[in-house]
Amino acid sequence: MKAGLAFASSVGIDGATALDICRRAETAGFESVWGGEHVILPDEIVSKYPYTPDGKIPAEPDTPIPDPLIWLAFAAAAAPTLRLGTCILIVPQRNPLVLAKELATLDQLSGGRVELGLGVGWLKEEFTALGVPWERRGARNDEYVAAMRALWAGPHAEFHGEFVDFAPVTCSPRPVNGNIPVHVGGDTDAAIGRAVRIADGYFPGEGDAQRLGALLGRLRNAAEEAGRDPASIEINAIFGAQMADPVRGVEQMAELGVNRIMVPAFFFAGPGGLDRLSEFGERIATATATAD
């Protein structure tokens, strides 16, 4: 089983700490490091955050949320074996041609280490501030992914859709392996359907083992109904409640069919945090190595 350090960009805010947390994660046995995204946090939020009981995002207006792609590009050279992921990038808010170039550039510079975790967004007020339509953002997201994959596939690509339309163009550089793995985030039926249709992996926000098991059961059923092998969808899962007994937590996640645990970097914030990160890696090293 793989271990990813999620939301690392929101802990390694300054340059030195960003580099240090990546080096420590690599030494501790983590396989990947991930950055989250919000371009802005509106002062007034009516939208309900889907992953807390009260619907409130666990952040203050001035909570640092660095741009994940810039943060990953800065940190990439510090830990040359770590894969570099977004958890998540709000794809409908971005220009897909520019995003295709940014992701492919980072993938080339890092030797093919980029993974795109994406979501369609939950914060309507952020879309409004950015001037991006909130309606049909799911369809927009799916078309953007298709357009980016067309650009990554080779030169002289063209695409004609509802939201993206371009005559033959070439976007270079392209990803090292011709594509970038896509992981769909979210716990809704729409997210499950999107993961089955277009994704290499699935990243639900649910961390409770029982509810997560039910969610993954729904994913497998949807994949089978669509004629897709459920095993072809890599499962990434938040490793939060399991921190009380991480070794047993790894075993529990393996039993559910999880391929990568996503350990929130917030557990390692503050004084002594990086030492706790190293200790955590030592504790679960054997468990993750045998969980496969």
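Residues numbered from 1 in each chain as written. Predicted model: local features only at pLDDT ≥ 70, side-chain atom pairs only at ≥ 80, totals over all residues. Heavy atoms only, no water.

K.L.:
Can you lay out the pattern of salt bridges for me, pointing to particular residues and giving the numbers?
P.N.:
Counting across every chain of the model gives 18 salt bridges. Between Arg260 and Glu115 there is a salt bridge; the shortest N-O distance is 3.4 Å. Of this pair, Arg260 sits in strand β11 (residues 260-264) while Glu115 sits in strand β5 (residues 114-119), placing them 145 residues apart in sequence. For the pair shown, Arg260 and Glu115 are each scored as buried. A salt bridge links Arg197 to Asp142; the shortest N-O distance between them is 2.7 Å. Note that Arg197 is positioned in helix α6 (residues 189-198) and Asp142 in helix α5 (residues 137-153), a separation of 55 residues in sequence. What makes Asp142 buried here is its relative accessible area of 18%. Ionic contacts of the salt-bridge type, sharing partners, join the residues Lys2, Glu31, Arg83, Glu115, Glu234 and Arg260 into one network. (Salt bridge = Lys/Arg side-chain N within 4 Å of Asp/Glu carboxyl O. Helix = DSSP H or I, 4+ residues; strand = E, 2+ residues; numbered from the N terminus. Buried < 20%, exposed > 50% of the residue type's maximum accessible area, 1.4 Å probe, protein only.)

K.L.:
Explain the environment of Ala100 to me, using residue names and the numbers behind them.
P.N.:
The topology assignment puts Ala100 in helix α3 (residues 96-109). Between the C-alpha atom of Ala100 and that of Ile238, which follows or precedes it by 138 residues, the distance is 27 Å. Not counting the four nearest positions on each side in its chain, Ala100 is found in contact with Met148, Leu151 and Trp152. (Contact = heavy atoms within 4.5 Å.)

K.L.:
Could you give me a rundown of the side chain of Glu115, with the residues and numbers involved?
P.N.:
Judged by its relative accessible area of 5%, Glu115 falls in the buried class. One polar contact links Glu115 to Arg260, side chain to side chain, over a distance of 3.4 Å. If sequence neighbours within four positions are ignored, Glu115 has contacts with Trp34, Arg83, Leu84, Gly85, Thr86, Ile180, Pro181, His183, Glu234 and Arg260. (Polar contact = N/O pair within 3.5 Å; in protein donor to acceptor, adjacent residues only side chain to side chain.)

K.L.:
Residue-level account of the packing of helix α8 (residues 246-256) against helix α9 (residues 273-290), with values.
P.N.:
Each packed pair of helices is defined by two parameters, the angle between the axes and the distance between the axes. Direction vectors running N to C along α8 and α9 enclose 35 degrees, while the axes themselves pass 9 Å from each other. α8 and α9 meet at a crossing whose hand is right-handed. Facing Pro246, Val247 and Val250 of α8, the residues of α9 in contact are Phe280, Arg283, Ile284, Ala287 and Thr288. Looking at the contact of α8 with α9, its residues break down into 6 nonpolar, 1 polar and 1 charged. (Axes fitted to C-alpha atoms, helices over the stretch in contact; angles between N-to-C directions. Left-handed = near helix turned anticlockwise from the far one by under 90°. Nonpolar A, V, L, I, M, F, W, Y, C, P; charged D, E, K, R; others polar.)

So yeah, pure geometry; function would need other evidence.
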